[in-house]
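Residue-level listing of the chains:
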Amino acid sequence: MAFNRIIREFCLLGFFLLCRGGILAQGYFPGRQDVILEYVRKDAADGRFRWRHVVRINSLTDNGAYIRYTSESVFTGRNGKPLYRSAINETAVVEKASGNVSMDVADVMVSYIRARTGLQATGSGVLSTLPANMQPGDTLPAVSAMVKVGPLKYSLLISERKVLRNETIVVPAGRFDCVVISEQKTESGPGHNRSVTNVTWYSKGVGYVRHDTYVEGKLETSETLQSVH
């Protein structure tokens, strides 16, 4: 297995896993147990199906000032079969008073590598944050992570995170009032160096409803919310 391909596939997921807020303070997160969100990613050039992505909130734990959410992501191909050996696990910690979220991106990457290959990995990084009260013109803190699989090390940096505008969009799941965020994503490692721009639409009480990836200024893929259960 080529590990540069593994890291690239992880990054193509769009890094929406790290960008969620809390519903208790009207944040960008479903905020209830057993909710299921279904997404489809397609190539921008020809509409070719890439994958179906289903997110399920499995549990929540109230720790006083914070609520800890655990969720899992399952990816399937056009034939309906899972793309990976197991689900990818995520944990988000949401501040009840503000709705701000934090997530350890390195932990998500480690879970992805385990799901993709069955191999163990270790990781470290800076916690991601996504405020519940974002306004156009705001800038968000950079996010970094590094993972190690055997002797191989790969790093990821999410920088230039900017709140562009408020916008109402229509996707298969319906019509949503959103805040739009742009960010620069740089991946580095043996045999693999890549930089892309992500533009993501977030709706309060739901999470992300659309996620676009640009390579050298050209739209490569678009992922949209199909349904919420």
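As the structure is a prediction and not an experimental result, all values here were calculated from the model.

A. Looking closely at the overall build of the chain. Secondary structure summary: the chain contains two helices and 14 strands in total. By the burial criterion, 49% of the 229 residues in the chain qualify as buried. Considering only contacts within the chain whose residues lie at least 6 apart along the sequence, 54% involve residues at least 24 apart. Accessible surface computed for the chain: about 10100 Å², of which carbon and sulfur atoms make up 49%.

B. Inspection of the packing of aromatic side chains at higher detail. Evaluation of the coordinates by the stated rule reveals six aromatic pairs. Note on Tyr-28 and Tyr-202: the rings are 6.3 Å apart at their centroids and 70 degrees apart in plane angle, and the pair reads as edge-to-face. One end of the pair, Tyr-28, is in the loop between α1 (3-12) and β1 (36-43); the other, Tyr-202, is in strand β12 (residues 192-203), with 174 residues separating them in the sequence. An aromatic cluster is built from Trp-51, Phe-75, Tyr-84 and Tyr-112, whose rings are joined through pairwise contacts.

C. Structural detail: the pattern of salt bridges. Summed over all chains, the structure comprises eleven salt bridges. Two residues, Glu-167 and Arg-165, come together in a salt bridge whose shortest N-O distance is 2.7 Å. With a relative accessible area of 27%, Glu-167 lands in the partly exposed category. Two residues, Arg-194 and Glu-220, come together in a salt bridge whose shortest N-O distance is 3.2 Å. Of the two residues, Arg-194 sits in strand β12 while Glu-220 sits in strand β14 (residues 218-228), which places them 26 residues apart along the sequence. For Arg-194, a relative accessible area of 11% gives the class buried. A network of salt bridges, in which partner residues are shared, links Lys-185, Glu-187, Arg-194 and Glu-220.

D. Structural context of the environment of Leu-83. With respect to the helices, strands and loops of the structure, Leu-83 is situated in the loop between β3 (66-76) and β4 (88-95). As for Leu-83 and Trp-51, which are separated by 32 residues in sequence, their C-alpha atoms are 8.4 Å apart.

E. How the structure looks around the pairing of β3. Relative to β3, strand β2 (residues 49-62) runs antiparallel, the two being bridged by ten bridges. Bridging across to β3, Thr-61 finds its partner in Arg-68. Connecting β2 to the next strand, β3, in antiparallel fashion are three residues, including Gly-64 with a positive phi near 95 degrees.

F. Geometry of unusual backbone geometry. Phi at Asp-34 is positive, roughly 70 degrees, even though this residue is not glycine. Assessed through its relative accessible area of 46%, Asp-34 is described here as partly exposed. Of note, the phi angle at Glu-160 is positive, near 50 degrees, even though the residue is not glycine. With respect to the helices, strands and loops of the structure, Glu-160 is situated in strand β10 (residues 152-171). According to the relative accessible area criterion, Glu-160 is exposed, its value standing at 51%.

G. Examining the confidence of the model for the chain more closely. Taken residue by residue, the chain gives an average pLDDT of 88. The fraction at 70 or more is 89%. The lowest-confidence element of the chain is α1, averaging 50 in pLDDT; the highest-confidence one is β1, averaging 98. Every residue in residues 12-24 is under pLDDT 50, and counting partners more than four places away or in other chains gives 63 contacts.

H. Spatial organisation of the environment of Lys-148. Here Lys-148 is to be found in strand β9 (residues 143-149). Counting along the chain gives 25 residues from Lys-148 to Gly-123, while the straight-line C-alpha distance between them is 6.2 Å. Discounting residues that sit within four places of it in the chain, Lys-148 has contacts with Ala-121, Thr-122 and Lys-153.

I. Main features of helix α2 (residues 105-117). Under the 1.5 Å per step criterion, the end-to-end length of α2 is 18 Å for 13 residues, consistent within 8% with the ideal 18 Å. In terms of burial, α2 is largely enclosed, as eleven of its 13 residues are buried. Among the residues making up α2, those that are buried are Val-105, Ala-106, Val-108, Met-109, Val-110, Ser-111, Tyr-112, Ile-113, Ala-115, Arg-116 and Thr-117. For α2, the capping residue at the N-terminal end is Asp-104, with a side-chain oxygen 3.0 Å from the backbone nitrogen of Ala-106. Trailing α2 by a residue or two, Gly-118 shows a phi angle of about 85 degrees, which is positive.

Rules behind the numbers
Residues numbered from 1 in each chain as written. Predicted model: local features only at pLDDT ≥ 70, side-chain atom pairs only at ≥ 80, totals over all residues. Heavy atoms only, no water. Helix = DSSP H or I, 4+ residues; strand = E, 2+ residues; numbered from the N terminus. Buried < 20%, exposed > 50% of the residue type's maximum accessible area, 1.4 Å probe, protein only. Contact = heavy atoms within 4.5 Å. Areas by Shrake-Rupley, 256 points an atom, 1.4 Å probe, with all protein chains shown as cover. Phe/Tyr/Trp six-rings, centres within 6.5 Å; stacked < 30°, edge-to-face > 60°. Salt bridge = Lys/Arg side-chain N within 4 Å of Asp/Glu carboxyl O. Pairing = 2+ DSSP bridges. pLDDT = per-residue confidence, 0-100. Expected span 1.5 Å × (residues − 1). Polar contact = N/O pair within 3.5 Å; in protein donor to acceptor, adjacent residues only side chain to side chain.

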